[in-house]
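Each chain is listed here by its residues.
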Amino acid sequence: MKKNKWFALAGVTSAVLAFTTACGGGAEQGGENAEGNAEKLSGNVVVDGSSTVYPIVEAAAEAYAGEQPDVKVSVGLSGTGGGFEKFTKGETDFSNASRPIKDEEKQAAEQNGIEFEELQIAFDGLSILVNKDNDWVDYLTVDELKKIFTSGAVNGDDKVKWSDIRPEWPNEEIKLFSPGHDSGTFDYFDEVILDGQPLNKTAQLSEDDNVLVQGIAGDKNALGYFGFAYYVENKDKLRAVPIDNGNGPVEPTHETIQSGEYAPLSRPLFTYVNTKALKEKAQVYDFAKFLLENGAEFAEEVGYVALPQEKYEEQLKKIEGLK
Amino acid sequence: MEKLIDKQRVVQHMNGRLLRNNVLKFLFFLATLFGLIVLVVLLYRIFTQAIGWLNIDFLNNFPSRRPENAGIKAGLVGSLWLMVIVAPVSLILGVGTAIYLEEYAKKNRFTDFIQTNISNLAGVPSIVFGLLGLTLFVRELNLGRSVLAAGLTMSLLVLPVIVVAAQEAIRAVPNQLREASYGMGATKWQTIYGIVLPAAIPGILTGSILALSRAIGETAPLVVLGIPTFLAYLPRGIFDTFTVMPMQIYNWTSRPQADFQNVAAAGIVVLLVVLIFMNSIAIFIRNKFQKRY
């Protein structure tokens, strides 16, 4: 009887072990069929970084598995900052970023002898959104946005009313929604709108953009911002506010974001590639090439805006020169 | 002469006491009901969303940019691989510590100190263990983003829970049994091996499997370690990189496309099934070996 209990303990452990090994062994199919003439590559490609950029690179990695089934591409989402922390130590080949690399991150890379190249892969337009029932906001200027979102910019108080911005608007408090401080989306908004000033303390923060969508859709006095893809998916629940940067109000659309007319809120999305890996590992170069050649298609497919085609070709030449 | 027992007052008091009893009963029932209702709403939402998305393809596909092709295979297999490391490592270390503290160690300042720290460790946020794992296992020991590095990190995370559960189970073994064993001339180890552990196993396993269930549901420490979310291949050994179910779910819920929310729900159902499976093993073992003294 005593023995039985020991068997049970050992049994549970080994059952789990056996099950996993069985699962691991039985499954060895790559994606679609490899296309003929290209040379067969193998090895690892390690990508980490921004969760905003993740869907584009995930799409590329998925399609790439069909072209080069023996190359193992892994894509993580530690966030822009978390990605750079690993990238500048030479632990990853690519680092996705929803903002350009910061000076201190550059220094860290230099100290560790890491050289890198910045590649733009798509555009995102930060959309400013209000509730469907909000019929008074026709457009906002950049200065008005700054006034609303900066802490203490109106009467030294964080409670801002619509009528504080323009007298003809309702005398009701604006409910603000913003992505959390860890997101690259916030970093970008901070840079172009807030100018490094503290964010209005009444703003509700969430790292999950879908929570922001729910919040704005549920409150008539809501005002918030997030990536263009989330707006496109929720057009029936929210209204995007045109933004006036001195040249008249511009609505965020595919065209205005791509042309840069939707300023200053259209932002480029990046991936940084380790130059040494690009030179020494054929699979890293090949994946970078694949990403730039098909970047436009993948960006559009997952809800972002493609760069103009010349831009991709320019960067393809650039990495070819580095090889 | 006043009557010693005033019937009238007794009835009055009785009614008040009975009323109070009923009110409290109702409040406690509401407290129970609240949790249950939330659970039912949650399960209902998840299952209605997951239905139609949960099929063999979902279990057999790798992550994808298209919701209809997305699957949880890499996460499911990865989570089970993680258990291959976490289960033995945390059980051996955890039960070992508990045996030492309960059976061998003398009660003094030092063991008190250890005891307090174990209890405190159980409350440390999981992301801190992620940072520890990143510096120690991923970087110092150079294990990379492997099953082994993540498994060791997760073992540390659940270790305090297992130690405490095992200690409780060992302490619950009646002392007469130990004394009877010593009386027969058995050594300390013979007593532990032959008497204490068999009696404590149901308790140890129940606590341990609940702890392992926690390990299988954690995301934060793995994100810190840099475990990838997209993989189009499976790990073949403990030094390979991998991904787990909660990371897949986390990624799907944050996507803008509504269909990905359904995929996430399907992922949650798979995770729940694995958890229920693990918990039922715990219940099965407990019932099979439970003895009353």
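Residues numbered from 1 in each chain as written. Chains lettered and ligands numbered in written order. Predicted model: local features only at pLDDT ≥ 70, side-chain atom pairs only at ≥ 80, totals over all residues. Heavy atoms only, no water.

### Regarding the overall build of chain B
This is how the line gets drawn: Helix and strand assignments come from DSSP, with helices taken as H or I runs of at least 4 residues and strands as E runs of at least 2, each series counted from the N terminus. Only the C-alpha atoms count toward the radius of gyration. The rule for a globule is 2.2 Å times the residue count to the power 0.38. Only protein chains enter the calculation, and the probe is 1.4 Å; a residue is then buried if its accessible area is under 20% of its type maximum, exposed if over 50%, and partly exposed in between. Note on definitions: a residue-residue contact is assigned when non-hydrogen atoms from the two residues lie within 4.5 Å. The Shrake-Rupley method, run with a 1.4 Å probe sphere, supplies the accessible areas, and residue values consider only the shown protein chains as cover. By the counting rule applied here, Lys and Arg register as positive and Asp and Glu as negative, while His and the ends of each chain are not counted. By convention, charge coordinates are those of NZ in Lys, CZ in Arg, CG in Asp, or CD in Glu.
Within chain B one finds 11 helices and 1 strand. Seen in sequence order, chain B has helices and strands lined up from the N terminus as α-α-α-α-α-α-α-α-α-β-α-α. By the compact-globule yardstick of 19 Å for 293 residues, chain B is too spread out, its C-alpha radius of gyration being 25 Å. Taken over 293 residues, chain B has a buried fraction of 46%. Contacts in chain B between residues at least 24 apart in sequence constitute 74% of all its contacts with a sequence separation of at least 6. With the model as given, the accessible surface of chain B reaches about 15,500 Å², and the carbon-plus-sulfur share is 67%. In chain B, 25 positive and 13 negative side-chain charges are present, and the distance between their average locations comes to 4 Å.

### Overview of the UniProt feature "domain: ABC transmembrane type-1" (unreviewed entry) in chain B
Threshold: UniProt positions are given in the numbering used here, feature names are shortened, and annotations may be inferred rather than shown by experiment.
Under the local residue numbering, the UniProt record ascribes the feature "domain: ABC transmembrane type-1" (unreviewed entry) to residues 76-281 of chain B. The distance from the first to the last C-alpha atom of residues 76-281 of chain B is 18 Å, and the span holds 78% helix and 1% strand.

### Description of the pairing of strand S4 (residues 116-125) of chain A
Residue and element names in this part refer to chain A. To be explicit about the condition: Each pair of strands is called paired provided DSSP finds at least two bridges between the two strands.
Of all 10 residues making up S4, 8 are buried, and the element is well covered by its neighbours. Pairing geometry for S4 and strand S13 (residues 266-274), over 9 bridges, is antiparallel. Bridge pairing links Gly125 to Ser266 in S13.

### Some details on the side chain of Ser90(B)
The residue Ser90(B) is located in helix H3 (residues 73-104) in this model. For Ser90(B), a relative accessible area of 0% puts it in the buried group.

### Things to note about the packing of helix H2 (residues 54-67) of chain A against helix H12 (residues 282-301) of chain A
Residues and elements named next belong to chain A. This is how it is decided: Note on geometry: axes are C-alpha line fits, over the in-contact stretch for helices, and angles between N-to-C directions span 0 to 180 degrees. An angle below 35 degrees is treated as roughly parallel, one above 145 as roughly antiparallel, one from 65 to 115 as roughly perpendicular, and anything else as oblique. Note: crossing handedness is left-handed where the near helix turns anticlockwise from the far helix by less than a right angle, and right-handed where it turns clockwise. Gly counts as polar in this scheme, as do all residues outside two lists: the nonpolar Ala, Val, Leu, Ile, Met, Phe, Trp, Tyr, Cys and Pro, and the charged Asp, Glu, Lys and Arg.
Put simply, H2 and H12 touch, their axes get as near as 9 Å, and they point 120 degrees apart. For the element pair H2 / H12, the angle class is oblique. Once H2 is placed against H12, the crossing between them reads as right-handed. Of the residues in H12, those in contact with Ile56, Val57, Ala59, Ala60, Ala61, Ala63, Tyr64 and Glu67 of H2 are Gln283, Asp286, Phe287, Phe290, Leu291, Phe298 and Ala299. For the contact of H2 with H12, the per-class residue count stands at 12 nonpolar, 1 polar and 2 charged.

### Here we look at the UniProt feature "transmembrane region" (unreviewed entry) in chain B
All names here are of chain B. Mapped onto this structure's residue numbering, the UniProt feature "transmembrane region" (unreviewed entry) falls at residues 26-47, 74-101, 121-138, 147-170, 190-212 and 263-285. Between the C-alpha atoms that bound residues 121-138 the distance is 21 Å, and the span itself is 78% helix and 0% strand. Between the C-alpha atoms that bound residues 147-170 the distance is 31 Å, and the span itself is 100% helix and 0% strand.

### A word on the packing of helix H10 (residues 245-253) of chain B against helix H11 (residues 258-289) of chain B
Residues and elements named next belong to chain B. Their axes nearest at 8 Å, the elements H10 and H11 cross at an angle of 160 degrees. Considered as vectors, H10 and H11 are oriented roughly antiparallel to each other. Along this stretch, H10 crosses H11, giving a crossing that reads as left-handed. Where H10 abuts H11, its residues Met245, Ile249, Trp252 and Thr253 lie against Phe260, Gln261, Val263, Ala264, Gly267, Ile268, Val270, Leu271 and Val274. Here the contact of H10 with H11 is built from residues that sort into 10 nonpolar, 3 polar and no charged.

### Considering the UniProt feature "domain: PBP" (unreviewed entry) in chain A
The UniProt record marks residues 40-292 of chain A with the feature "domain: PBP" (unreviewed entry), using the residue numbering of this structure. In residues 40-292 of chain A, helix accounts for 36% and strand for 25%; the two terminal C-alpha atoms are 20 Å from one another.

### Digging into the sheet that holds strand S11 (residues 243-244) of chain A
Within a sheet, neighbouring strands are paired by backbone hydrogen bonds and run either parallel or antiparallel to one another. Residue and element names in this part refer to chain A. Within the open sheet, the 3 strands sit side by side as S6-S11-S12. Their pairing is mixed. Of all the strands in the sheet, the pair left with one neighbour each is strand S6 (140-141) and strand S12 (249-250). In the sheet, S11 pairs with S12 via 2 bridges, with the strands oriented antiparallel. Bridge pairing in S12 links Asp244 to Pro249.

### Thoughts on the domain arrangement of chain B
Residue and element names in this part refer to chain B. Stated precisely, the cut-off is as follows: Domain start and end points were adopted from an automatic or database domain assignment. Here's the idea: put two parts together, see how much 1.4 Å probe accessible area each one loses, and the total over both is what we call buried area. Pairs of N or O atoms within 3.5 Å make up the polar contacts considered here, provided that, within protein, one atom can donate a hydrogen while the other can accept it, and that residues adjacent in sequence are counted only when both atoms are side-chain atoms.
In terms of domains, chain B is made up of domain 1 (7-50) and domain 2 (58-289). The C-alpha centroid of domain 2 is placed 35 Å from the C-alpha centroid of domain 1. Each partner contributes to the roughly 480 Å² buried at the junction of domain 1 and domain 2, and carbon and sulfur atoms together form 78% of this total. The three residues of domain 1 that bury the most area against domain 2 are Ile46, Gln49 and Ala50, which together make up 79% of that side's buried surface. Counting across the domain 1 and domain 2 interface gives 0 residue pairs in polar contact (both at pLDDT 80 or more). Split by residue class, the side of domain 1 that touches domain 2 holds 4 nonpolar, 1 polar and no charged.

### What about the domain arrangement of chain A?
All names here are of chain A. Worth spelling out the cut-off: We define a salt bridge as a side-chain nitrogen of Lys or Arg found within 4 Å of a carboxyl oxygen belonging to Asp or Glu.
Here chain A is partitioned into domain 1 (43-123 + 267-322) and domain 2 (127-264). When each unit is reduced to the centre of its C-alpha atoms, the spacing between domain 1 and domain 2 is 30 Å. A combined buried area of about 990 Å² lies between domain 1 and domain 2, and 58% of that area is made up of carbon and sulfur atoms. Where domain 1 packs against domain 2, one counts 1 salt bridge. In this structure, Asp187 engages Arg99 in a salt bridge whose closest nitrogen and oxygen atoms are separated by 3.3 Å. The interface formed by domain 1 and domain 2 includes 4 residue pairs in polar contact (both at pLDDT 80 or more). For the side of domain 1 that touches domain 2, the class distribution of residues is 6 nonpolar, 3 polar and 4 charged.

### A word on the pattern of salt bridges
Overall, the coordinates contain 22 salt bridges over all chains when judged by the stated rule. When the shortest N-O distance is used, the salt bridge between Arg139(B) and Glu85(A) registers 3.3 Å. With Arg139(B) in helix H5 (residues 126-140) and Glu85(A) in helix H3 (residues 80-87), the pair connects residues from two separate chains. Judged by relative accessible area, which is 32%, Glu85(A) ranks as partly exposed. Each member of the salt-bridge network shares a partner with another, and the members are Glu85(A), Lys89(A), Glu91(A), Arg139(B) and Arg145(B).

### Section: unusual backbone geometry
That bond from Ala263(A) to Pro264(A) is cis: its omega, -5 degrees, falls within 30 degrees of zero. Relative to the assigned elements, Pro264(A) resides in the loop between helix H10 (254-259) and S13. With a phi angle near 55 degrees, Asp195(A) is a residue other than glycine that sits in the positive phi range. Looking at the element boundaries, Asp195(A) is found in the loop between helix H7 (184-194) and strand S8 (204-206). For Asp195(A), a relative accessible area of 54% puts it in the exposed group. Unlike most non-glycine residues, Asn142(B) shows phi in positive territory, near 55 degrees. Topologically, Asn142(B) is positioned in the loop between H5 and helix H6 (147-171).

### Here we look at the nonpolar core
For clarity, the threshold we go by: Buried residues of nine kinds, namely Ala, Val, Leu, Ile, Met, Phe, Trp, Tyr and Cys, make up a nonpolar core once their side-chain atoms join them within 4.5 Å.
The biggest cluster of nonpolar side chains holds 88 residues, and the ones touching the most others in it are Ile128(A), Leu140(A), Phe149(A), Leu223(A) and Phe287(A). Sorting elements by how many residues they give to this core places H12(A) first, with 10 residues. Split by domain, the residues of this core number at least three in each of domain 1 (43-123 + 267-322) and domain 2 (127-264) of chain A. Look past the residues within four positions of Phe287(A) in its chain and what remains in contact with it is Val45(A), Val47(A), Val57(A), Ala60(A), Ala61(A), Tyr64(A), Val73(A) and Phe94(A). If you look at the next biggest cluster of nonpolar residues, it comprises 58 residues, including Ala70(B), Phe137(B), Leu225(B) and Ala282(B).

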